[in-house]
Amino acid sequence: MDKFFEKFPGLNSVRNLAFIFASIIVLATIHRLWLGEHTFNNFSIFRFSFFNLINGNDLYVLHPNQYNDLYKYSPTFALLMAPFYFLPFYVGIFIWNLLNALFVFWAVNRLSISEKAKSFILIFVAIELLSSIQNAQSNGIMAGLVIGVFTAFERKQIVLAALLICIGFYLKIFAVVAGILFLFYKEKTKFIFCILFWGLLFGLLPMCFVGVDGLVLQYKSWFNMLRN
């Protein structure tokens, strides 16, 4: 690792890598858009989930006129995609991809390790991150959330740790596994209270737009889809 950074000293900086990655992501997004909007099917799924939510459509059935495949995320995630639905497609996809990449940088930069170690981690995950971004996936945000949970616990930021776990859960259920870390830290009661607070807040948030019955139907359909 030392020899590598001796040859490429400019890469031994999280800030420099963030700039380089942002430039690459913009170019990669432009290339994919040149191939056509259909290459970003995942982003179409995310965007139209908000439309289907507020219009009372079942999120968890096929919508072939909007996108291919099934929507597999929570009603809360559909609500949080509102800005991307209202933004022009070409603007939203750039912001989404940059958000996925820079969230990883934010999380890694919070680790209590050397600048060189942070740079090594970012370079190590670069190819996988770029592949995820080329398909407009949410893996970058998920990775950032999991790392962010760890750093929040390390910094005794219990409220933030609980918040990130809940955001991760409503994005992709398996993110809740990061919550196991609370067993290794103090203030367990505070953490449990915060998890319940954030969990209920985010879980019930769509109710403000679809009502109680509408939200119950969405959750039933979601659990039915996951079970099958």
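In case you missed it, the structure is sitting above this.
In this text, all values refer to a predicted model and were calculated from it rather than measured experimentally.

Analysis parameters
- Residues numbered from 1 in each chain as written.
- Predicted model: local features only at pLDDT ≥ 70, side-chain atom pairs only at ≥ 80, totals over all residues.
- Heavy atoms only, no water.
- Helix = DSSP H or I, 4+ residues; strand = E, 2+ residues; numbered from the N terminus.
- Rg over C-alpha atoms; globule rule 2.2 N^0.38 Å.
- Buried < 20%, exposed > 50% of the residue type's maximum accessible area, 1.4 Å probe, protein only.
- Lys, Arg positive; Asp, Glu negative; His and termini not counted.
- Charge placed at Lys NZ, Arg CZ, Asp CG, Glu CD.
- Salt bridge = Lys/Arg side-chain N within 4 Å of Asp/Glu carboxyl O.
- Axes fitted to C-alpha atoms, helices over the stretch in contact; angles between N-to-C directions.
- Parallel < 35°, antiparallel > 145°, perpendicular 65-115°, else oblique.
- Left-handed = near helix turned anticlockwise from the far one by under 90°.
- Contact = heavy atoms within 4.5 Å.
- Core = buried A, V, L, I, M, F, W, Y, C linked by side-chain atoms within 4.5 Å.

J.: When you look at the overall build of the protein in this model, what are you seeing that I'm missing?
T.: Of the regular secondary structure elements, the protein holds 12 helices and zero strands. Starting at the N terminus and walking to the C terminus, you meet the elements of the protein as α-α-α-α-α-α-α-α-α-α-α-α. Against the 2.2 N^0.38 benchmark of 17 Å for 228 residues, the protein shows a C-alpha radius of gyration of 19 Å, consistent with a compact globule. Expressed as lengths along the three principal axes of its C-alpha atoms, the size of the protein is roughly 60 × 50 × 30 Å. Taking all 228 residues of the protein together, the buried fraction comes to 44%. Side-chain charges in the protein split into 17 positive and 10 negative, and the spacing between the mean points of these groups amounts to 5 Å.

J.: Any chance you could explain the pattern of salt bridges here in plain terms?
T.: Tallied over the entire structure, the rule returns two salt bridges. Lys72 is the salt-bridge partner of Asp69, the closest N and O atoms lying 3.2 Å from each other. A relative accessible area of 42% places Lys72 in the partly exposed class. In this structure, Glu187 and Lys190 form a salt bridge, with 4.0 Å as the shortest nitrogen-oxygen distance. Overall, Lys190 belongs to the partly exposed group, its relative accessible area being 39%.

J.: Help me understand the packing of helix α10 (residues 158-171) against helix α11 (residues 188-204) in this model?
T.: What describes two packed helices is the angle between their axes and the distance between those same axes. Contact geometry of α10 with α11 gives a least axis separation of 8 Å together with a crossing angle of 40°. As summarised for this structure, α10 and α11 are arranged oblique, according to the angle between their axes. The two elements α10 and α11 cross, and the hand of that crossing is right-handed. Residues Ile158, Val159, Ala162, Leu163, Ile165, Cys166, Ile167 and Tyr170 of α10 lie in contact with α11, whose contacting residues are Lys190, Phe191, Cys194, Ile195, Trp198, Gly199, Phe202 and Gly203.

J.: Explain unusual backbone geometry here, please?
T.: Working note: non-glycine residues mostly have negative phi, and peptide bonds are mostly trans. Here the phi dihedral of Asp69 falls at roughly 75°; this positive angle occurs in a residue that is not glycine. Within the secondary structure, Asp69 sits in the loop between α3 (41-54) and α4 (75-80). Even without glycine at this site, Ala136 takes up a positive phi of about 55°. Tracing the sequence through the fold places Ala136 in the loop between α8 (126-134) and α9 (139-154).

J.: Help me understand the environment of Asn109 in this model?
T.: On the secondary structure map, Asn109 appears in helix α6 (residues 89-109). Spatially, the C-alpha atom of Asn109 lies 28 Å from that of Phe193, the residues being 84 residues apart in sequence. Excluding residues within four positions of it along the chain, Asn109 makes contact with Val14 and Lys118.

J.: Please explain the nonpolar core as it appears in this structure.
T.: Soluble globular proteins tend to bury their nonpolar side chains together. Ranked by internal contacts, the top residues of the largest apolar core, which has 49 residues, are Phe43, Tyr71, Phe77, Trp96 and Phe153. Sorting the residues of this core by element identifies α3, α4, α5 (82-86), α6, α9, α10, α11 and α12 (207-227) as the ones contributing at least two each. Top contributing element to this core by residue count: α10, with nine residues. Discounting residues that sit within four places of it in the chain, Trp96 has contacts with Phe43, Phe46, Phe77, Met81, Phe84, Ala136, Gln137, Ser138 and Ile141. Counting 14 residues, the second-largest nonpolar core is a separate cluster that includes Val14, Phe105, Leu122 and Ile133.

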